[in-house]
Amino acid sequence: MKASWEKTENNQGVLTVEVDEETVEKALNQAFRKVVKKVTVPGFRKGKVPRAIFERRFGVEALYEDALDILLPEAYASAVKETAIEPVDRPEIDIEQMEKGKPLIFKATVTVKPEVKLGEYKGLEVPKKDFEVKPEDVDAELEAMRQRQGQLEAVEEGAVEKGDRVIIDFEGSIDGEPFEGGKADGFSLEVGSGRMIPGFEDQLIGMKPGEEKTINVTFPEDYHAEELAGKEASFRIKLHEIKRLRLPELNDEFAQDVSDEFDTLEELKADIQNKLEEKAKQEEEEYRRNQLVEMAAANAEIDLPPVMIEHEIDHMLEHFEQHLRFQGMNLEMYKQFSGKDDKELRDEFREEAEKKVRANLVLEAIAKEEKLEVTDEEIDEELEKLAEQLNRPKDEVRRLLEERDGLEGIKNQLLTRKAIDLLVSNSKNAA
């Protein structure tokens, strides 16, 4: 097999591949063995027609499609390896020559990974950002604990206040006509949560158990259901129940309820302070690393192929849909609720996808420029961590990754990490 690569423009080029006659003939034989099983020729049992008879009756061209299915994947893969190009999308194949007794010649128009012209990436200075844990941060965390320890109690006498949980029946209408989705019985709602359309929850404040009233609201102009957008609606409300969160006092007893580790409120506060400081250190380190990557990426020159951004958007949407499934939704449901079509949804991810692709290419180029390498021992250590996380034997994790070419992914992750470590250690405000 012969292969040659010619770059045409931007990140595209043409890969010309020639496959020798012997290999083509083997593929034609394989194709014939497959096709002949489906062919019936008078005087021969099905599947027993000699190839010469088959070609006289149907022509050798009848085998070309199946032969190409056999030849092209392996020939293209070998040509990519031989020319050391890095395709980032499926090729467009053009068959130049396919004849019995002659080499197969085809051209593949390929989009390849772009060249990266690195700019300044050492000696970068990260903009300062305050990560100091302040007393109000401790108070906020303490209040969140207090909220979690609170108990919902029924309000027998009194009226709805913001933050109360209520049980209501409601039935909505527009111009006196009920509309789909506008009715519910025994509906649970936290007043002030913003779950309902603007103005709905505010008008529940002051209602008492057993009370009924009619409220008027206007659907937002950008409401996901077009038939309701901008329309004025009336809702008949009946309030059944009010529950209010009763919060415990912040004292030593509260601290003891949180954990047996604490005897006093001051001990709990000290523990919160320590944990917040540890979290702040991690956030500061993450901030520095992210900033340095963004700065190095901004300093580099790259002509990003649009297809790489589109592929990254595909990956991001897959992760987004997995997240939606945990919430009992899928992508189609989300599009209906949000009123967004495929293009609008993809455009939301586009800027982040472009940043991610650019950053990955720059980190890869830095690793190459600095001749960074990953050792077998480092891969082994990473596999041990992964096995521990998955609670599976390390050998099993290795085998599964090898079957799916996943070890290369582990290696790339470690190389990326080393490249970022290099940025950090060579930054102006390095520790």
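Residues numbered from 1 in each chain as written. Predicted model: local features only at pLDDT ≥ 70, side-chain atom pairs only at ≥ 80, totals over all residues. Heavy atoms only, no water.

S.K.: Help me understand the environment of Ala3, please; the structure alone is not making it clear to me.
M.R.: Within the element layout of this structure, Ala3 appears in strand β1 (residues 2–9). Separated by 14 residues in the primary sequence, Ala3 and Val17 have C-alpha atoms spaced 4.5 Å apart. Setting aside its immediate chain neighbours within four residues, Ala3 contacts Thr16, Val17, Ala79, Glu82 and Thr83. (Helix = DSSP H or I, 4+ residues; strand = E, 2+ residues; numbered from the N terminus. Contact = heavy atoms within 4.5 Å.)

S.K.: Just to check I follow, could you spell out the packing of aromatic side chains for this structure?
M.R.: Throughout the structure, instances matching the rule amount to 12 aromatic pairs. Geometrically, the ring pair formed by Phe54 and Phe58 is tilted, given 5.0 Å between the ring centres and 40° between the ring planes. Of this pair, Phe54 and Phe58 are both found in helix α2 (residues 51–58), 4 residues apart, which corresponds to roughly one turn of the helix. With relative accessibility at 1%, the residue Phe54 sits in the buried group. (Phe/Tyr/Trp six-rings, centres within 6.5 Å; stacked < 30°, edge-to-face > 60°. Buried < 20%, exposed > 50% of the residue type's maximum accessible area, 1.4 Å probe, protein only.)

S.K.: Before we go on, may I ask you to explain the sheet that holds strand β2 (residues 12–19) in this structure?
M.R.: Spatially, the 4 strands line up as an open sheet ordered β1-β2-β4-β3, and their pairing is antiparallel. Single-partner strands in this sheet number two, and they are β1 and β3 (92–97). Mean inter-strand twist for the sheet, computed between neighbouring axes without regard to direction, equals 20°. For β1 and β2, the ladder comprises 7 bridges, and the chain directions are antiparallel. Looking across to β2, one finds that Glu6 is bridged to Val14. Sheet strands in contact with helix α3 (residues 64–83) are β1, β2, β3 and β4 (104–111), and its direction is about 120° off that of β2. (Pairing = 2+ DSSP bridges. Axes fitted to C-alpha atoms, helices over the stretch in contact; angles between N-to-C directions.)

S.K.: Before we go on, may I ask you to explain the pattern of salt bridges in this structure?
M.R.: It is possible for side chains bearing opposite charge to pair when their charged atoms get close. If you walk through the whole model with that rule in mind, you get 40 salt bridges. As a salt-bridge pair, Glu294 and Lys355 come within 3.6 Å of each other at their nearest N and O atoms. Taken together, the positions of Glu294 in helix α6 (residues 265–299) and Lys355 in helix α9 (residues 342–369) put the pair 61 residues apart, joining distant regions of the chain. A salt bridge links Asp380 to Lys394; its shortest N-O distance comes to 2.9 Å. Of this pair, Asp380 sits in helix α10 (residues 376–390) while Lys394 is found in helix α11 (residues 394–403), placing the two residues 14 residues apart along the sequence. The exposure class assigned to Asp380 is partly exposed, which follows from its relative accessible area of 24%. For Lys394, a relative accessible area of 24% gives the class partly exposed. Shared partners join several salt bridges into a network, and the residues in it are Glu310, Asp314, Lys343, Arg346, Asp347 and Arg350. (Salt bridge = Lys/Arg side-chain N within 4 Å of Asp/Glu carboxyl O.)

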